[in-house]
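Observations on the three-dimensional arrangement
Chain residues, written in single-letter form:
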Amino acid sequence: MTTDERNVRAPRPTVAAAAARAYITMAERDHQPVPDWIRDAAAGRPTTPPPE
């Protein structure tokens, strides 16, 4: 099976929101600050991460 044969239906915004929610859960458990743009991504709002 190649990547061309896979039938993936999860839209990227859904995957990004799920990843952001997981990050928030782990950061809050470890008492780490969570940037607002990550909270926006978890809520499904459009975001632009800050430049690194």
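The written sequence of each chain sets the order in which its residues are numbered from 1. In view of the model being predicted, local features appear only for residues whose pLDDT reaches at least 70, and side-chain atom pairs are presented and counted only at 80 or more, with totals across whole chains, interfaces and linings using the full set of residues. Side-chain numbers here rest on the full set of heavy atoms in the structure, without hydrogens or water.

1. What about the overall build of the protein chain?
The numbering of helices and of strands both runs from the N terminus, where a helix is a DSSP run of H or I of at least 4 residues and a strand a run of E of at least 2. The helix and strand inventory of the protein chain stands at two helices and zero strands. Relative accessible area decides the class of each residue, using a 1.4 Å probe on protein chains only: under 20% of the type maximum gives buried, over 50% gives exposed, and in between gives partly exposed. Among the 52 residues that make up the protein chain, the fraction classed as buried is 15%. Calculation of accessible area relied on Shrake-Rupley with a 1.4 Å probe; when residues are assessed, cover is drawn exclusively from the protein chains displayed. Taken as a whole, the protein chain presents about 4,600 Å² of accessible surface, with 55% of it coming from carbon and sulfur.

2. As for the nonpolar core
Residues Ala20, Ile24, Ala27, Val34, Ile38, Ala41 and Ala42 constitute the largest nonpolar core, which totals seven residues. Throughout, a contact is declared for two residues whenever any of their heavy atoms are within 4.5 Å. Aside from chain neighbours lying at most four places away, what touches Ala27 is Gln32 and Val34. Take the buried residues of types Ala, Val, Leu, Ile, Met, Phe, Trp, Tyr and Cys, join any two whose side-chain atoms come within 4.5 Å, and each joined set is a nonpolar core.

3. Overview of the pattern of salt bridges
A side-chain nitrogen of Lys or Arg and a carboxyl oxygen of Asp or Glu constitute a salt bridge if their distance falls within 4 Å. According to the stated counting rule, one finds three salt bridges in the structure shown. A salt bridge links Arg29 to Asp30, with the shortest nitrogen-to-oxygen separation between them at 3.3 Å. Looking at Arg29, the relative accessible area reads 58%, which means it is exposed. Among the salt bridges present, the one from Asp40 reaches Arg45, with a minimum N-O distance of 2.9 Å.

4. Overview of helix α1 (residues 12-29)
Given a rise of 1.5 Å per residue, 18 residues ought to cover 26 Å, and the 26 Å separating the end C-alpha atoms of α1 matches this to within 8%. Three or more residues of α1 are buried, namely Ala17, Ala20, Ile24 and Ala27. Down the axis, α1 shows its buried residues gathered within 95° of arc, on one side only. For α1, the exposed residues lying more than 90 degrees away from the buried face are Thr25 and Arg29. Elements that come into contact with the buried residues of α1 comprise α2 (36-42). Just downstream of α1, His31 is the residue with a positive phi angle, here 60°. An expected span of 1.5 Å times one less than the residue number is assigned to each helix. What the arc measures is the spread of directions leading from the helix axis to the C-beta atoms.

5. Some details on unusual backbone geometry
The backbone phi angle of His31 is positive, close to 60°, even though this residue is not glycine. Position of His31 among the secondary structure elements: in the loop between α1 and α2.

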